[in-house]
Amino acid sequence: MGRKMEVQYIDTNLIEVPEVRITSAFDDDILEMFKDDIKKTGINQPLIVAKEGEKFWVIDGYHRLQEAKLNNIPQVPCVVTEMTWKQIQMRNLVLNRLRGRTKASEEVLVIKDLIEKRGASIDEIVEKTGMKRDRIEMLLQISTAAHEVWESLDAGRIKVCHAYQISRLLDRAAQIRMLRIVEQYRLNCDTLKDSVDEALRIIEEQKKEEAKEAPVGPPPVPTAECAICHQEYPVRDLASPIICRNCFATLITAYESARQEREMQREALRKRAEYVATGETDAEQEV
(Lines give C-alpha, C1' and ligand atoms only; values in the text may rest on other atoms or scores of the structure.)
Protein backbone atom coordinates (compact mmCIF):
# COMPACT_ATOMS: atom_id res chain seq x y z
CA MET A 1 0.00 0.00 0.00
CA GLY A 2 1.15 3.55 -0.71
CA ARG A 3 2.18 5.93 2.03
CA LYS A 4 -0.72 8.00 3.37
CA MET A 5 -0.28 11.69 2.56
CA GLU A 6 -0.34 14.11 5.49
CA VAL A 7 -2.83 16.97 5.20
CA GLN A 8 -2.00 20.39 6.61
CA TYR A 9 -4.25 23.44 6.93
CA ILE A 10 -2.55 26.51 5.51
CA ASP A 11 -3.60 30.16 5.51
CA THR A 12 -4.94 31.03 2.05
CA ASN A 13 -2.91 34.28 2.06
CA LEU A 14 0.32 32.29 2.29
CA ILE A 15 -0.33 30.26 -0.86
CA GLU A 16 0.88 31.89 -4.07
CA VAL A 17 -0.01 31.19 -7.69
CA PRO A 18 2.83 30.75 -10.24
CA GLU A 19 2.78 33.41 -12.94
CA VAL A 20 3.26 30.75 -15.64
CA ARG A 21 0.95 27.79 -15.15
CA ILE A 22 -1.85 25.69 -16.64
CA THR A 23 -5.35 26.03 -15.25
CA SER A 24 -8.00 23.49 -16.19
CA ALA A 25 -11.18 25.06 -17.59
CA PHE A 26 -14.74 24.23 -16.53
CA ASP A 27 -17.89 24.39 -18.61
CA ASP A 28 -20.23 27.08 -17.28
CA ASP A 29 -22.73 24.66 -15.72
CA ILE A 30 -20.00 22.62 -14.02
CA LEU A 31 -18.37 25.80 -12.73
CA GLU A 32 -21.65 26.92 -11.15
CA MET A 33 -22.07 23.53 -9.44
CA PHE A 34 -18.47 23.75 -8.21
CA LYS A 35 -18.98 27.22 -6.73
CA ASP A 36 -22.27 26.24 -5.11
CA ASP A 37 -20.77 23.11 -3.53
CA ILE A 38 -17.95 25.10 -1.92
CA LYS A 39 -20.41 27.64 -0.51
CA LYS A 40 -22.38 24.84 1.10
CA THR A 41 -19.70 22.39 2.22
CA GLY A 42 -16.38 24.24 2.07
CA ILE A 43 -13.10 22.84 0.73
CA ASN A 44 -13.16 19.06 1.13
CA GLN A 45 -10.51 17.97 -1.36
CA PRO A 46 -6.96 19.01 -0.36
CA LEU A 47 -4.94 21.27 -2.62
CA ILE A 48 -1.55 20.01 -3.79
CA VAL A 49 0.98 22.62 -2.76
CA ALA A 50 4.75 22.81 -3.30
CA LYS A 51 7.04 24.29 -0.67
CA GLU A 52 9.95 26.10 -2.28
CA GLY A 53 12.10 27.73 0.39
CA GLU A 54 9.69 29.62 2.63
CA LYS A 55 6.97 29.96 -0.01
CA PHE A 56 3.97 27.78 -0.83
CA TRP A 57 2.96 27.44 -4.48
CA VAL A 58 -0.31 25.91 -5.63
CA ILE A 59 0.20 23.08 -8.13
CA ASP A 60 -3.31 21.64 -8.22
CA GLY A 61 -6.30 23.43 -6.71
CA TYR A 62 -6.23 26.94 -8.15
CA HIS A 63 -10.02 27.17 -8.43
CA ARG A 64 -10.49 25.85 -4.88
CA LEU A 65 -8.02 28.43 -3.58
CA GLN A 66 -9.79 31.28 -5.37
CA GLU A 67 -13.24 30.17 -4.13
CA ALA A 68 -11.90 29.84 -0.58
CA LYS A 69 -10.72 33.45 -0.71
CA LEU A 70 -14.05 34.64 -2.17
CA ASN A 71 -15.96 32.84 0.58
CA ASN A 72 -13.65 34.08 3.35
CA ILE A 73 -12.42 30.59 4.23
CA PRO A 74 -9.21 31.40 6.16
CA GLN A 75 -7.45 28.04 5.81
CA VAL A 76 -7.56 25.24 3.27
CA PRO A 77 -6.45 21.60 3.50
CA CYS A 78 -3.22 20.97 1.59
CA VAL A 79 -0.84 18.16 0.79
CA VAL A 80 2.58 19.79 0.91
CA THR A 81 5.70 18.52 -0.81
CA GLU A 82 9.20 19.97 -1.26
CA MET A 83 9.86 20.71 -4.94
CA THR A 84 12.13 22.63 -7.27
CA TRP A 85 10.60 25.03 -9.81
CA LYS A 86 11.21 22.49 -12.56
CA GLN A 87 9.27 19.85 -10.61
CA ILE A 88 6.49 22.34 -9.85
CA GLN A 89 5.99 23.11 -13.54
CA MET A 90 6.13 19.43 -14.51
CA ARG A 91 3.45 18.47 -11.97
CA ASN A 92 1.28 21.42 -12.94
CA LEU A 93 1.51 20.34 -16.57
CA VAL A 94 0.46 16.76 -15.77
CA LEU A 95 -2.26 17.28 -13.15
CA ASN A 96 -4.20 20.00 -14.92
CA ARG A 97 -4.13 18.24 -18.29
CA LEU A 98 -5.47 15.10 -16.60
CA ARG A 99 -8.35 17.08 -15.10
CA GLY A 100 -9.75 18.05 -18.47
CA ARG A 101 -9.76 20.92 -20.91
CA THR A 102 -6.83 23.34 -20.70
CA LYS A 103 -5.67 26.30 -22.77
CA ALA A 104 -3.05 25.37 -25.34
CA SER A 105 -1.51 28.83 -24.94
CA GLU A 106 -0.85 28.06 -21.26
CA GLU A 107 0.74 24.74 -22.23
CA VAL A 108 3.01 26.64 -24.62
CA LEU A 109 4.11 29.07 -21.89
CA VAL A 110 4.78 26.32 -19.33
CA ILE A 111 6.81 24.26 -21.82
CA LYS A 112 8.81 27.34 -22.90
CA ASP A 113 9.42 28.15 -19.23
CA LEU A 114 10.61 24.59 -18.56
CA ILE A 115 13.03 24.62 -21.49
CA GLU A 116 14.28 28.21 -21.51
CA LYS A 117 14.36 28.98 -17.75
CA ARG A 118 14.36 25.64 -15.90
CA GLY A 119 16.84 23.83 -18.13
CA ALA A 120 14.53 20.94 -19.05
CA SER A 121 14.93 19.06 -22.33
CA ILE A 122 12.14 17.81 -24.58
CA ASP A 123 13.12 14.23 -23.70
CA GLU A 124 12.78 15.03 -20.00
CA ILE A 125 9.33 16.57 -20.45
CA VAL A 126 8.21 13.53 -22.45
CA GLU A 127 9.47 11.21 -19.71
CA LYS A 128 8.07 13.13 -16.73
CA THR A 129 4.68 14.13 -18.18
CA GLY A 130 3.82 11.43 -20.71
CA MET A 131 3.18 14.06 -23.38
CA LYS A 132 3.95 13.07 -26.97
CA ARG A 133 7.10 14.53 -28.47
CA ASP A 134 5.37 15.76 -31.63
CA ARG A 135 2.84 17.72 -29.55
CA ILE A 136 5.60 19.38 -27.52
CA GLU A 137 7.48 20.30 -30.71
CA MET A 138 4.30 21.70 -32.27
CA LEU A 139 3.55 23.77 -29.15
CA LEU A 140 7.06 25.23 -29.21
CA GLN A 141 6.60 26.20 -32.87
CA ILE A 142 3.20 27.72 -32.04
CA SER A 143 4.95 30.02 -29.54
CA THR A 144 6.15 32.04 -32.58
CA ALA A 145 2.60 32.53 -33.92
CA ALA A 146 0.67 35.79 -33.91
CA HIS A 147 -1.49 36.55 -30.87
CA GLU A 148 -4.64 36.16 -32.98
CA VAL A 149 -3.68 32.53 -33.68
CA TRP A 150 -3.35 31.85 -29.93
CA GLU A 151 -6.76 33.40 -29.27
CA SER A 152 -8.42 31.29 -31.94
CA LEU A 153 -6.74 28.17 -30.57
CA ASP A 154 -7.85 28.84 -26.99
CA ALA A 155 -11.39 29.60 -28.17
CA GLY A 156 -11.54 26.23 -29.92
CA ARG A 157 -12.02 27.66 -33.42
CA ILE A 158 -8.85 25.91 -34.61
CA LYS A 159 -6.83 22.92 -33.40
CA VAL A 160 -3.19 22.60 -32.41
CA CYS A 161 -2.32 21.17 -35.84
CA HIS A 162 -3.91 24.24 -37.51
CA ALA A 163 -1.98 26.65 -35.29
CA TYR A 164 1.25 24.76 -35.99
CA GLN A 165 0.86 24.97 -39.77
CA ILE A 166 -0.08 28.67 -39.64
CA SER A 167 2.96 29.43 -37.44
CA ARG A 168 5.23 28.15 -40.23
CA LEU A 169 4.48 31.41 -42.05
CA LEU A 170 7.00 33.87 -40.62
CA ASP A 171 5.11 37.03 -41.61
CA ARG A 172 2.42 38.04 -39.09
CA ALA A 173 0.11 39.47 -41.76
CA ALA A 174 0.35 36.21 -43.74
CA GLN A 175 -0.47 34.22 -40.59
CA ILE A 176 -3.59 36.27 -39.93
CA ARG A 177 -4.76 35.96 -43.55
CA MET A 178 -4.32 32.18 -43.42
CA LEU A 179 -6.09 32.05 -40.04
CA ARG A 180 -9.13 33.83 -41.51
CA ILE A 181 -9.24 31.35 -44.40
CA VAL A 182 -9.08 28.38 -42.00
CA GLU A 183 -11.84 29.80 -39.79
CA GLN A 184 -14.07 30.65 -42.75
CA TYR A 185 -13.67 27.49 -44.80
CA ARG A 186 -12.89 25.05 -41.93
CA LEU A 187 -9.88 23.55 -43.65
CA ASN A 188 -8.64 20.25 -42.29
CA CYS A 189 -4.99 20.02 -41.24
CA ASP A 190 -3.81 18.15 -44.35
CA THR A 191 -5.38 20.70 -46.70
CA LEU A 192 -3.95 23.53 -44.60
CA LYS A 193 -0.46 22.01 -44.77
CA ASP A 194 -0.66 21.92 -48.59
CA SER A 195 -1.82 25.56 -48.61
CA VAL A 196 1.02 26.68 -46.32
CA ASP A 197 3.57 24.74 -48.41
CA GLU A 198 2.36 26.51 -51.54
CA ALA A 199 2.37 29.91 -49.81
CA LEU A 200 5.96 29.37 -48.64
CA ARG A 201 6.96 28.37 -52.19
CA ILE A 202 5.45 31.57 -53.62
CA ILE A 203 7.13 33.71 -50.94
CA GLU A 204 10.49 32.13 -51.75
CA GLU A 205 10.01 32.79 -55.49
CA GLN A 206 9.14 36.42 -54.75
CA LYS A 207 12.34 36.82 -52.73
CA LYS A 208 14.40 35.44 -55.61
CA GLU A 209 12.76 37.83 -58.09
CA GLU A 210 13.33 40.79 -55.78
CA ALA A 211 16.98 39.78 -55.43
CA LYS A 212 17.37 39.75 -59.22
CA GLU A 213 15.84 43.21 -59.53
CA ALA A 214 17.85 44.74 -56.69
CA PRO A 215 20.24 47.52 -57.85
CA VAL A 216 23.85 46.45 -58.21
CA GLY A 217 26.32 48.41 -56.08
CA PRO A 218 29.52 50.03 -57.46
CA PRO A 219 32.32 47.57 -58.33
CA PRO A 220 35.27 47.37 -55.93
CA VAL A 221 38.17 49.72 -56.62
CA PRO A 222 40.96 47.75 -58.43
CA THR A 223 44.34 47.69 -56.71
CA ALA A 224 47.86 46.56 -57.61
CA GLU A 225 51.17 45.99 -55.85
CA CYS A 226 53.93 48.56 -56.09
CA ALA A 227 57.11 46.97 -57.54
CA ILE A 228 59.30 48.97 -55.16
CA CYS A 229 57.65 48.92 -51.70
CA HIS A 230 55.33 45.94 -52.41
CA GLN A 231 52.30 47.71 -50.85
CA GLU A 232 48.80 47.56 -52.38
CA TYR A 233 47.50 50.82 -53.86
CA PRO A 234 44.49 51.80 -55.99
CA VAL A 235 45.48 51.55 -59.65
CA ARG A 236 44.74 55.23 -60.15
CA ASP A 237 47.49 56.09 -57.62
CA LEU A 238 50.20 54.06 -59.40
CA ALA A 239 52.59 55.52 -62.01
CA SER A 240 53.91 53.53 -64.92
CA PRO A 241 56.91 55.19 -66.67
CA ILE A 242 58.28 53.40 -69.74
CA ILE A 243 61.75 52.16 -68.83
CA CYS A 244 64.04 49.40 -70.10
CA ARG A 245 64.92 46.29 -68.13
CA ASN A 246 68.43 47.58 -67.27
CA CYS A 247 67.10 50.82 -65.83
CA PHE A 248 64.39 48.95 -63.96
CA ALA A 249 67.06 46.68 -62.39
CA THR A 250 69.15 49.74 -61.48
CA LEU A 251 66.13 51.34 -59.87
CA ILE A 252 65.42 48.25 -57.76
CA THR A 253 69.09 47.97 -56.73
CA ALA A 254 69.14 51.60 -55.66
CA TYR A 255 65.98 51.12 -53.61
CA GLU A 256 67.44 48.05 -51.86
CA SER A 257 70.70 49.91 -51.10
CA ALA A 258 68.75 52.81 -49.62
CA ARG A 259 66.65 50.43 -47.56
CA GLN A 260 69.74 48.66 -46.16
CA GLU A 261 71.30 52.01 -45.31
CA ARG A 262 68.21 53.01 -43.37
CA GLU A 263 68.31 49.71 -41.48
CA MET A 264 71.98 50.25 -40.56
CA GLN A 265 71.19 53.76 -39.33
CA ARG A 266 68.32 52.42 -37.18
CA GLU A 267 70.62 49.73 -35.68
CA ALA A 268 73.31 52.30 -34.87
CA LEU A 269 70.70 54.52 -33.23
CA ARG A 270 69.45 51.56 -31.18
CA LYS A 271 72.96 50.74 -29.94
CA ARG A 272 73.59 54.35 -28.93
CA ALA A 273 70.31 54.53 -27.05
CA GLU A 274 71.04 51.24 -25.30
CA TYR A 275 74.49 52.47 -24.29
CA VAL A 276 73.02 55.67 -22.87
CA ALA A 277 70.40 53.72 -20.94
CA THR A 278 72.63 50.92 -19.56
CA GLY A 279 76.19 52.08 -19.95
CA GLU A 280 77.06 48.85 -21.74
CA THR A 281 78.13 48.20 -25.30
CA ASP A 282 77.26 45.06 -27.29
CA ALA A 283 80.77 43.78 -26.80
CA GLU A 284 80.52 44.11 -23.02
CA GLN A 285 77.14 42.36 -22.99
CA GLU A 286 78.59 39.41 -24.92
CA VAL A 287 81.42 39.04 -22.35
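The structure this text deals with has already been given above.
Here is a short report on the structure shown in this document. In this text, all values refer to a predicted model and were calculated from it rather than measured experimentally.

What follows is about the state of the cysteines. According to the stated counting rule, one finds 1 disulfide in the structure shown. Cys161 shares a disulfide with Cys189; S-S distance 1.8 Å. The S-S bond linking Cys161 to Cys189 shows a torsion near 40°; that makes this disulfide right-handed. Residue Cys161 is found in helix H8 (residues 160-167), and its partner Cys189 is found in helix H10 (residues 189-213); the two are separated by 28 residues along the sequence. Overall, the relative accessible area of 23% leaves Cys161 in the partly exposed class.

Our focus in this paragraph is the nonpolar core. In terms of nonpolar packing, the biggest core is built from 33 residues, with Leu93, Ile125, Ile142 and Val149 touching the most fellow members. Non-local contacts of Ile125, meaning those with residues more than four positions away in its chain, are made with Met90, Leu93, Ile111, Leu114, Ile115, Ala120, Gly130 and Ile136. In terms of nonpolar packing, the next biggest core, distinct from the first, is built from 13 residues, Ile10, Leu47, Phe56 and Ile73 among them.

Right, let's talk about the environment of Lys35 for a bit. Tracing the backbone shows Lys35 in helix H1 (residues 28-41). C-alpha separation for the pair Lys35 and Asn71, spaced 36 residues apart in sequence, amounts to 9.7 Å.

Here we come to unusual backbone geometry. Look at Asn72: it is not a glycine, yet its phi comes out positive at around 55°. Inspection of the secondary structure assignment puts Asn72 in the loop between helix H2 (62-70) and strand S5 (75-82). Positioned with a positive phi, Arg186 is a non-glycine residue whose angle comes to about 50°. Counting through the fold element by element, Arg186 comes out in the loop between helix H9 (172-185) and H10. A residue is classified by how much of its surface remains accessible, and Arg186, at 72% relative accessible area, is exposed.

This part covers H1. Here H1 spans 20 Å end to end across 14 residues, near enough to the 20 Å set by a 1.5 Å rise per residue. Of the residues one or two after H1, Gly42 is the one with positive phi, at around 85°.

Turning next to the sheet that holds strand S4 (residues 55-60). Sheet architecture is open: 5 strands sit in the order S1-S5-S3-S4-S2, paired in mixed fashion. Sheet topology places strand S1 (7-11) and strand S2 (15-16) at the edges, where each strand pairs with a single neighbour. Where strand S3 (residues 47-52) meets S4, 5 bridges bridge the pair, whose relative direction is antiparallel. Paired with Lys51 across the two strands is Phe56, which belongs to S4. Across the sheet, H2 is in contact with S2, S3, S4 and S5; its angle to S4 comes to roughly 120°.

The pairing of S3 with S5 spans 5 bridges and is classified as parallel. Pairing of Val49 across the sheet is with Val80, part of S5. From the end of S3 to the start of S4, which pair antiparallel, there are 2 residues, and Gly53 there has a positive phi angle of about 70°.

Moving on to the pairing of S4. Of all 6 residues in S4, 5 are buried, a share of seventy percent or more. Taken together, the 2 bridges between S2 and S4 define a ladder with parallel strand orientation. Residue pairing for S4: Glu16 is matched across the bridge by Trp57.

In contact at an axis separation of 10 Å, helix H5 (residues 122-129) and helix H6 (residues 133-142) are set at 125° when each is read in the N-to-C sense. Looking at the two axes, H5 sits oblique to H6. In the packing of H5 onto H6, the handedness of the crossing is right-handed. Along the contact surface, H5 presents Ile122, Asp123, Ile125 and Val126, while H6 presents Arg133, Ile136, Glu137 and Leu140. A per-class count over the contact of H5 with H6 returns 5 nonpolar, no polar and 3 charged.

Inspection of H6 places Ile136, Leu139 and Ile142 among the buried residues, and these make up the whole buried set. Projected down its long axis, H6 carries its buried residues within an arc of 120°, all on one side. Elements that come into contact with the buried residues of H6 comprise helix H4 (104-116), H5, helix H7 (147-154) and H8.

This part covers the side chain of Ser152. Within the secondary structure, Ser152 is located in helix H7. The class for Ser152 is buried, based on a relative accessible area of 0%. Setting aside its immediate chain neighbours within four residues, Ser152 contacts Arg157, Ile158, Leu179 and Glu183.

Okay, the pattern of salt bridges next. Side chains that differ in sign of charge can pair as their charged atoms come close. Applying the stated rule across the entire model yields 16 salt bridges. Between Arg135 and Glu107 there is a salt bridge, with its nearest N and O atoms 2.9 Å apart. Of this pair, Arg135 sits in helix H6 while Glu107 is found in helix H4, placing the two residues 28 residues apart along the sequence. In this structure, Asp197 engages Lys193 in a salt bridge whose closest nitrogen and oxygen atoms are separated by 3.0 Å.

Calculation rules
Residues numbered from 1 in each chain as written. Predicted model: local features only at pLDDT ≥ 70, side-chain atom pairs only at ≥ 80, totals over all residues. Heavy atoms only, no water. Disulfide = S-S within 2.5 Å. Helix = DSSP H or I, 4+ residues; strand = E, 2+ residues; numbered from the N terminus. Buried < 20%, exposed > 50% of the residue type's maximum accessible area, 1.4 Å probe, protein only. Core = buried A, V, L, I, M, F, W, Y, C linked by side-chain atoms within 4.5 Å. Contact = heavy atoms within 4.5 Å. Expected span 1.5 Å × (residues − 1). Pairing = 2+ DSSP bridges. Axes fitted to C-alpha atoms, helices over the stretch in contact; angles between N-to-C directions. Parallel < 35°, antiparallel > 145°, perpendicular 65-115°, else oblique. Left-handed = near helix turned anticlockwise from the far one by under 90°. Nonpolar A, V, L, I, M, F, W, Y, C, P; charged D, E, K, R; others polar. Arc of directions from axis to C-beta. Salt bridge = Lys/Arg side-chain N within 4 Å of Asp/Glu carboxyl O.

Structural measurements only, silent on function.
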